[in-house]
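Coordinates in review
Read off the chains here:
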Amino acid sequence: MGLLDGRTALVTGASSGIGAATALALAAEGAAVAIAARRTDRLDVLQGRLDKSIAIELDVTDEAACRNAVARTQGELGGLDILVNNAGVMLLGPILDADTEDWRRMLNTNVLGLMYMTHAALPRMLDEGRGDIVNVSSVAGRIARLGSGGYNASKWAVNAFSESLRQEVTARGVRISLVEPGAVATELTDHITHEGTRSLVKSTIAQTTPLQAEDIARAIVYVVSQPPYVAINEVLIRPTDQER
Ligand SMILES: NC(=O)c1ccc[n+]([C@@H]2O[C@H](COP(=O)([O-])OP(=O)(O)OC[C@H]3O[C@@H](n4cnc5c(N)ncnc54)[C@H](OP(=O)(O)O)[C@@H]3O)[C@@H](O)[C@H]2O)c1
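How each quantity is defined
Residues numbered from 1 in each chain as written. Predicted model: local features only at pLDDT ≥ 70, side-chain atom pairs only at ≥ 80, totals over all residues. Helix = DSSP H or I, 4+ residues; strand = E, 2+ residues; numbered from the N terminus. Rg over C-alpha atoms; globule rule 2.2 N^0.38 Å. Buried ≥ 20, exposed ≤ 12 C-beta atoms within 10 Å, placed from the backbone. Contact = placed C-beta atoms within 7 Å. Axes fitted to C-alpha atoms, helices over the stretch in contact; angles between N-to-C directions. Parallel < 35°, antiparallel > 145°, perpendicular 65-115°, else oblique. Left-handed = near helix turned anticlockwise from the far one by under 90°. Nonpolar A, V, L, I, M, F, W, Y, C, P; charged D, E, K, R; others polar. Pairing = 2+ DSSP bridges. Right-handed = clockwise from strand over helix to strand, strands pointing away.

With that out of the way, let us pick up the overall build of the chain. Scanning the chain for helices and strands turns up seven helices and seven strands. In the chain, the succession of α and β elements from N to C terminus is β-α-β-α-β-α-β-α-β-α-β-α-α-β. In terms of overall dimensions, the chain is globule-like: its C-alpha atoms have a radius of gyration of 17 Å, near the 18 Å expected for 244 residues. C-alpha extents for the chain along the principal axes are approximately 45 × 40 × 35 Å. The 244 residues of the chain split such that 44% are buried. Long-range pairs, those at least 24 residues apart, make up 70% of the contacts in the chain between residues at least 6 apart in sequence.

Once that is clear, we can look at the packing of helix H3 (residues 63–77) against helix H4 (residues 100–128). Running from N to C, H3 and H4 point in directions that differ by 40°, and their axes come no closer than 9 Å. It follows that H3 is oblique to H4 by the angle criterion. With respect to the hand of their crossing, H3 and H4 are arranged in right-handed fashion. Two secondary-structure elements touch here, H3 through Glu63, Cys66, Arg67, Val70 and Gln74 and H4 through Gly113, Tyr116, Met117, Ala120, Ala121 and Arg124. The residue inventory of the contact of H3 with H4, partitioned by class, reads six nonpolar, two polar and three charged.

Burial along strand E4 (residues 82–85) is two-sided: Ile82 and Val84 facing one way and Leu83 and Asn85 facing the other are all buried. Sheet topology note: the strand E1 (residues 8–12)/E4 ladder contains three bridges and is parallel. Residue Ala9 lies in a different strand from E4, and its bridge partner there is Ile82. Of the strand pairs in this sheet, E4 and strand E5 (residues 131–136) are connected by four bridges, and their pairing is parallel. Residue pairing for E5: Val84 is matched across the bridge by Val134. Read from E4 through H4 to E5, the crossover connection turns out right-handed.

This part takes up the environment of Ala27. Positionally, Ala27 belongs in helix H1 (residues 17–28). Along the backbone, Ala27 and Thr204 are 177 residues apart, and their C-alpha atoms lie at a distance of 34 Å. What Ala27 contacts, discounting residues up to four positions off in sequence, is Val33, Leu50, Asp51 and Ser53.

In structure tokens, the structure reads:
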């Protein structure tokens, strides 16, 4: 018996890192999982490791595509009990020197994408009086840092939206949870466009023992496998040697 037998989940940003590990961890506990991202070749490989699953090509910045991803999951897997809003980009760099396209990408993906997915998934969860929405935020949603202004703004928005939503729906049985990782060894830093920042961040992380994607996936399974009356609202997870 798995902890999540009979449950259905949709994980955004499942083509790598935390999303891929979370899809595997949810499936290992018996959930049927929809995996969504833009890189379908990666999803196809991951799907080969999952029993009951569907793969959905999804750009979360496209609201209609988000609605379609939720509808497909509900139609093809028979429901949507657990939504993991994980898709994100971390385009760090100074504010003064910023390519403002990086800001648009972060806000459209990390904030609006998460809001579109949530808006699409909520009505049926509320009708059923149960469901889990797990929003993957960051330590950067709680502590601002020099060189992280745009990313901080996006994750701060995720935290504010999540808490407001929690107050709106929790008494109706839908649990809203924030998972806030510190440094995790994934490809996230590879996509930083500001060259000086990319090499600085990579060398800083190389001096630490970062978390693995599976560490975050384990926390997400913990959050969604609690009894219905227990809501884990927030989980902040840093590597032991990360001071801030
Ligand atoms: N790694 C860390 O240190 C760390 C720390 C704190 C928080 N986080 C958060 O954890 C989440 C996952 O990051 P990760 O570390 O696992 O990095 P990752 O390996 O780069 O994964 C990011 C995922 O987001 C997807 N994605 C990006 N833009 C998308 C879009 N427009 N539409 C749909 N999917 C999109 C990517 O898939 P495609 O490119 O295939 O679409 C990819 O699967 C992010 O929200 C990140 O902010 C990470």
